[in-house]
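Read off the chains here:
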Amino acid sequence: MIRMTTIFATTSSGIEDLAAKEIQEILGKKVYIDGPGRITFNVNKLEEAVRVLYLARLVKRVMLKLAAVSLDGTQNDLKKMYDAVNSSDLSSFLTSKDSFAVRSKRVGKHEYTSIDVSRVTGQAVIDRIIKEKGYRQKVDLDKPDVIFRSYVLYDCFYFALDLTGDTSLERRGYRTEVHLHPASLSPILAACMLRLTGWNGTQVLLDPMCGLGTICIEAACMARKIPAAYLRKSSLQVVKRPPSPSLNLEHVFNELDTKIEWHRKPFIIGSDIKEKYIRGARKHAEKIIVHDTINFNVKKLEDYIIDQQGSIDLIVSNPPYGLRVGHPKKVEAVYHTLFKVAHHLLTDNGKLCIITPHTKLVETLSEKENLPVKHERWVKYGNLNVKIFMCEK
Ligand SMILES: C[S@@+](CC[C@H](N)C(=O)[O-])C[C@H]1O[C@@H](n2cnc3c(N)ncnc32)[C@H](O)[C@@H]1O
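The rules behind the values
- Residue numbers restart at each chain and count upward from 1, following the sequence in its written direction.
- The model is predicted, so local features are restricted to residues of pLDDT at least 70 and side-chain atom pairs to those at 80 or more, both for listing and for counting; the totals for chains, interfaces and linings are taken over all residues.
- Secondary structure elements follow DSSP: runs of H or I no shorter than four residues count as helices, runs of E no shorter than two count as strands, and numbering proceeds from the N terminus.
- Between the buried cut of 20 or more and the exposed cut of 12 or fewer other C-beta atoms within 10 Å of a residue's own C-beta lies the partly exposed class, and all C-beta atoms are placed from the backbone.
- Here contacts are defined at the residue level, using C-beta atoms placed from the backbone and a cut-off of 7 Å between them.
- Two strands are said to pair when DSSP picks up at least two bridges between them.
- Note on definitions: angles span 0 to 180 degrees between N-to-C directions of axes, and those axes are lines fitted to C-alpha atoms, for helices only across the stretch in contact.
- Near, for a residue, is defined by distance from a backbone-placed C-beta atom to a molecule or strand, with 6 Å as the limit that must not be exceeded.
- In this classification, the charged set is Asp, Glu, Lys and Arg, the nonpolar set is Ala, Val, Leu, Ile, Met, Phe, Trp, Tyr, Cys and Pro, and all remaining amino acids, among them Gly, are polar.
- Oblique is the label for any angle not under 35 degrees, not over 145, and not in the 65 to 115 range, which are roughly parallel, roughly antiparallel and roughly perpendicular in turn.
- Helix crossings are classified by the rotation of the near helix relative to the far one: an anticlockwise turn of less than a right angle makes the crossing left-handed, while a clockwise turn makes it right-handed.
- Segmentation into domains, and thus their bounds, comes from an automatic or database assignment.
- Here the arc refers to the directions that run from the helix axis out to each C-beta atom.

A. How the structure looks around the overall build of the chain. From N to C terminus, the chain includes 11 helices and 15 strands. Each principal axis of the C-alpha atoms in the chain carries an extent, and together these give about 75 × 45 × 35 Å. Counting every position in the chain, which comprises 393 residues, the buried fraction comes to 45%. Sequence separation of at least 24 residues holds for 76% of the intrachain contacts in the chain that already meet a minimum separation of 6.

Below, the structure written as structure tokens:
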């Protein structure tokens, strides 16, 4: 048991409000947006942080905030960071046998590099332990027992104990075939699109260009309440190295696992023109045990135009951009077909949600096919700025 602790979580840029809402739903308490891709909230027990780490589909990383200080970008910042870390309450997380590493991230213009930040804050940890416990803490940059994170984000510095580990929560553990596809969607963005459509597991859902099936699989996991980190338990830093001996991880995991609704059979269809992607999608679905509720098949988008009119509630898709997948000239034709198919297949008030950099094209087609845009937002997709559009019939 610990008293009020501040948790620091990261997400994709552009979806902070949705990630904050998701955490709010998990914990039933106020969550704050701290800046681009950053969220904070307070917990009374570390178990609450573990619930977020295990369940949240829109979160990349969960950490325990140990220090924060404002910066001005000059060399003086390094001394400020050293002092903030050196005076933080970090010693209870380290024993004399442990090795540690500081992983740093820096965004903005500063008179120093992220290597400087790691060096200075790492030294502050060592000096603090020498002073308090009388030994020199081992450093291991490859396989540390304890991971601290230093974030220099424009004019703010945060120092935190990592509960997630080196692999972000974006890696769900089911995407074993991801090498097959050059443009597979991040599960976080897939889950974000699904939340925007109001997906609750009772509607009929289609992704007609599903690639390796990320959107369909995230939808099935959401409907069945399969925790986002269900396959990742043993790789979580909080499991490898619990920050407190009183933290009852088994209790949290068992309680949340008993809430999984394996019997639920949401109606989800995924198709793609390429058979090898559908084979990969099926493997992914098997890995996370949702293969019995997703109908994956090889099918051309164009062929949906002869399917039953008004038979689909939600179409959620990540069409080709013509950058990594699909020939640029053919891409426009695919979007025309997608909007035609959506107009034909969707029920009244049915929704089409897509993620794309081709914003002008989508605006034109939404007007042409009478599927007005009801929601739009810019998000970061790797290094690309793309927009999520939600159109409604
Ligand atoms: C950006 S990828 C989708 C990636 C997917 N969201 C995932 O997570 O793996 C676009 C997909 O559209 C498919 N595609 C392109 N043109 C198509 C068409 N005419 N009919 C069906 N699928 C098509 C491609 O094969 C590709 O897998």
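B. Up close: unusual backbone geometry. Residues other than glycine seldom take positive phi values, yet Y154 does so here, at roughly 55 degrees. Here Y154 is to be found in the loop between β7 (146-153) and β8 (156-162).

C. Quick look at the environment of H179. Position of H179 relative to the elements: it lies in the loop between β8 and α5 (187-197). Since 10 C-beta atoms lie within 10 Å of it, H179 is described here as exposed. Note: C-alpha distance between H179 and G280 (101 residues apart in sequence) is 9.6 Å.

D. Looking closely at the pairing of strand β9 (residues 204-207). Looking at chain direction, β9 and strand β10 (residues 267-272) are connected through 4 bridges and run parallel. When the sheet's bridge partners are listed, L205 is paired in β10 with I268.

E. Structural context of the sheet that holds strand β2 (residues 32-35). Read from one edge to the other, the open sheet built from 8 strands follows the order β2-β3-β1-β4-β8-β7-β5-β6, with strand pairing classed as mixed. Each of the sheet's edge strands pairs with one partner strand only, and the pair in question is β2 and β6 (138-139). With 2 bridges joining them, strand β5 (residues 99-107) and β6 adopt parallel strand pairing. Considered in β6, the bridge of S99 is made with K138. Strands β1 (5-10), β2 and β3 (38-43) of the sheet are contacted by helix α1 (residues 16-27), whose axis makes an angle of about 20 degrees with β3. Helix-sheet contacts for helix α2 (residues 46-55) involve β1, β3 and β4 (61-70), and the interaxial angle to β4 is about 120 degrees.

F. Geometry of the site of the ligand. Not every one of the 22 residues close to the ligand is listed here, only the nearest: L185, M209, G211, T214 and L301. Its residues assigned to classes, the shell around the ligand comprises 13 nonpolar, 6 polar and 3 charged.

G. Region of interest: the packing of α2 against helix α8 (residues 249-257). Where α2 contacts α8, the axes come no closer than 10 Å and their chain directions differ by 45 degrees. Of the possible angle classes, the one that applies to α2 and α8 is oblique. In this structure, α2 crosses over α8, and the sense of that crossing is right-handed. Judged by residue contacts, E47, V50, R51, Y54 and L55 of α2 engage L249, V252, F253 and L256 from α8. Looking at the contact of α2 with α8 residue by residue, the class counts come to 7 nonpolar, no polar and 2 charged.

H. The arrangement of the sheet that holds strand β12 (residues 312-317) in detail. Taking strand neighbours across the sheet as the criterion, the 7 strands line up as β11-β10-β9-β12-β13-β15-β14 in an open arrangement whose pairing is mixed. Every interior strand has two partners, whereas the edge strands, β11 (294-298) and β14 (373-381), have only one. Ignoring strand direction, the axes of neighbouring strands in this sheet form an average angle of 15 degrees. Across 6 bridges, strand β13 (residues 346-356) lies against strand β15 (residues 384-392) in antiparallel orientation. The residue bridging K351 from the neighbouring strand is E392, located in β15. Sitting on the sheet, α5 touches β12, β13, β14 and β15, and the angle it makes with β13 is about 150 degrees. Most of the contacts of helix α11 (residues 359-368) go to β15, to which it runs at about 10 degrees, and overall it touches β13, β14 and β15.

I. Summary view of the domain arrangement of the chain. What the domain assignment lists for the chain is domain 1 (5-162) and domain 2 (178-227 + 259-392). When each unit is reduced to the centre of its C-alpha atoms, the spacing between domain 1 and domain 2 is 35 Å. Every contact between the two is made by 10 residues of domain 1 and, on the other side, 12 residues of domain 2. Split into classes, the residues belonging to the side of domain 1 that touches domain 2 amount to 5 nonpolar, 3 polar and 2 charged.

J. Representation of α11 in the model. Of the positions making up α11, those classed as buried are V362, L365 and S366. End-on view of α11: buried residues confined to an arc of 105 degrees, all on one side of the axis. Exposed residues lying more than 90 degrees from the buried face of α11 are K360, E367 and K368. In this structure, the buried residues of α11 make contact with α10 (328-345), β13, β14 and β15. A positive phi of about 55 degrees marks N370, the residue just after α11.

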